[in-house]
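Summary of the model geometry
So you can see what is in the structure, the chains are spelled out below.
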Amino acid sequence: MIKTIGTLLLAFTFMSCAELQQAASQFPQINSTSGLDIGAGLKEALNNGISKQVTKLTALDGFYKNEAVKILMPEELQKVDKTLRKIGLSSLADEGIKMLNRAAEDATKEATPIFVDAVKKMTFTDAKNILMGNESAATTYLQNTTTSPLYAKFNPVIKNSFAKVGADKVWTNIINKYNSVPLVKKVNPDLTDYTTNKALEGVFKMIAVEEKNIRTNINSRSSDLLKKVFAIQDKK
C-alpha cells in the first residue's frame, strides 16, 4: 500500500494536464477523479503506511514484541535453544533472541528512503496496475523493486548493531556453550544474513497488513481524498 500511494503520487506530479486527462481515462469509473487527486491520495496513503507500519518496526521492541514479525532462532538453532533451556540457560537464550530483534529494529530505519526512491521510479502503468491490482499488489511491487537495495543497506547495519549492543559476544557465548555440550552436532550459523532476511520479511509483512487494510476497510480511509481515490478500486 505504501507503494501504491507514493507511486501514483509522483507519477502524476510530473505529468502535464493533457497527460493527466489521458491517464485518467484509462481508469474505470475515473472520469470524475482527476489525476492530481489520485496522485495526492496515493501520497497520503504512502505516508500513512510508513507512519503506521514501517516506523513502528524501528521503535524499541518494534520487532521483539510484535508476534507477527518477531525474529526467533533460525531452524538450525532450535535445538540450541532447547538445549540451553534444559541446562538452565534460558536467560542466555532469551537474550540472544532479543539481540536479533534489536538489530532488525535498528536496520529498518534505513528502509524509508529506499521505498521513496522506488516510488519516484514508478511509471504510470505501474501505478495503475497497483491501484487496480489485488490486495497485495503494492507490497509485491515493493518486494520486486527494493529487496536487493534493502538487503544491501540492512546487512551492514545489522552487523554493526550486533557489535554495538554486544550481540556478537552473546551469540559467541551461546554457540560456544552449545558446542561444548557432549555429543551435539556443532553449529556456526551466519546470523547476520539470517537476521537481515527476517527483518526484510517483517517489513514487507507489515506493509501488506496496511495495504490490505486500506483496500478492504473503508473506515481506514481517514480523509475524503482517500475515500475518493480508493473508491475507484472498489468499483473495478
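Model, not experiment: these values are computed from the prediction. (Residues numbered from 1 in each chain as written. Predicted model: local features only at pLDDT ≥ 70, side-chain atom pairs only at ≥ 80, totals over all residues. Heavy atoms only, no water.)

1. What about the overall build of the protein?
From N to C terminus, the protein includes 11 helices and zero strands. Looking at the protein alone, contacts between residues at least 24 apart form 83% of all its contacts between residues at least 6 apart. Carbon together with sulfur atoms contributes 52% to the accessible area of the protein, which is approximately 11400 Å² in total. (Helix = DSSP H or I, 4+ residues; strand = E, 2+ residues; numbered from the N terminus. Contact = heavy atoms within 4.5 Å. Areas by Shrake-Rupley, 256 points an atom, 1.4 Å probe, with all protein chains shown as cover.)

2. Regarding helix α11 (residues 224-234)
Among the residues making up α11, those that are buried are L226, V229, F230, I232 and Q233. Projected onto a plane normal to the axis of α11, the buried residues spread over an arc of 125° and lie on a single side. (Buried < 20%, exposed > 50% of the residue type's maximum accessible area, 1.4 Å probe, protein only. Arc of directions from axis to C-beta.)

3. Structural notes on the packing of aromatic side chains
A complete count under the given rule lists one aromatic pair for this structure. Ring centres 6.3 Å apart and planes at 70° place the aromatic pair F115 and F204 in the edge-to-face group. With F115 in helix α6 (residues 111-120) and F204 in helix α10 (residues 191-216), the pair connects residues that are 89 residues apart, well separated along the chain. Across the pair, exposure class does not vary: F115 and F204 are buried alike. (Phe/Tyr/Trp six-rings, centres within 6.5 Å; stacked < 30°, edge-to-face > 60°.)

4. Notes on the nonpolar core
Of all hydrophobic cores here, the largest spans 41 residues; its most connected members are F115, L150, F154 and W171. At the level of elements, α3 (35-58), α4 (78-86), α5 (90-107), α6, α8 (137-164), α9 (167-179) and α10 are the ones that each hand at least two residues to this core. Grouped together as the second largest cluster of nonpolar side chains are eight residues, A45, L131, I214 and V229 included. (Core = buried A, V, L, I, M, F, W, Y, C linked by side-chain atoms within 4.5 Å.)

5. Thoughts on the environment of M206
Relative to the assigned elements, M206 resides in helix α10. Assessed through its relative accessible area of 10%, M206 is described here as buried. With 150 residues separating them along the chain, M206 and K56 place their C-alpha atoms 9.4 Å apart.

6. A short note on the pattern of salt bridges
Inspection of the entire model under this criterion finds nine salt bridges. Salt-bridge contacts for D61 lead to K65; the nearest nitrogen and oxygen are separated by 3.6 Å. A salt bridge links R102 to E105; the shortest N-O distance between them is 3.2 Å. Taken as a pair, R102 and E105 lie in helix α5 at a separation of three residues, close to a single helical turn. Classification of E105 as buried rests on a relative accessible area of 3%. When salt bridges with common partners are traced through the structure, they connect D61, K65, R102 and E105 into a single cluster. (Salt bridge = Lys/Arg side-chain N within 4 Å of Asp/Glu carboxyl O.)

7. A few points about unusual backbone geometry
Not every positive phi belongs to a glycine, and D61 is a case in point at roughly 70°. Counting through the fold element by element, D61 comes out in the loop between α3 and α4.

8. Brief notes about the packing of α4 against α9
Across the interface, α4 lies against α9 with an axial gap of 10 Å and an inter-helix angle of 75°. With respect to α9, the element α4 is oriented roughly perpendicular. Here α4 contributes K79, V80, T83 and L84 to the contact with α9, which in turn contributes I174, K177 and Y178. Of the residues contributing to the contact of α4 with α9, the split by class is four nonpolar, one polar and two charged. (Axes fitted to C-alpha atoms, helices over the stretch in contact; angles between N-to-C directions. Parallel < 35°, antiparallel > 145°, perpendicular 65-115°, else oblique. Nonpolar A, V, L, I, M, F, W, Y, C, P; charged D, E, K, R; others polar.)

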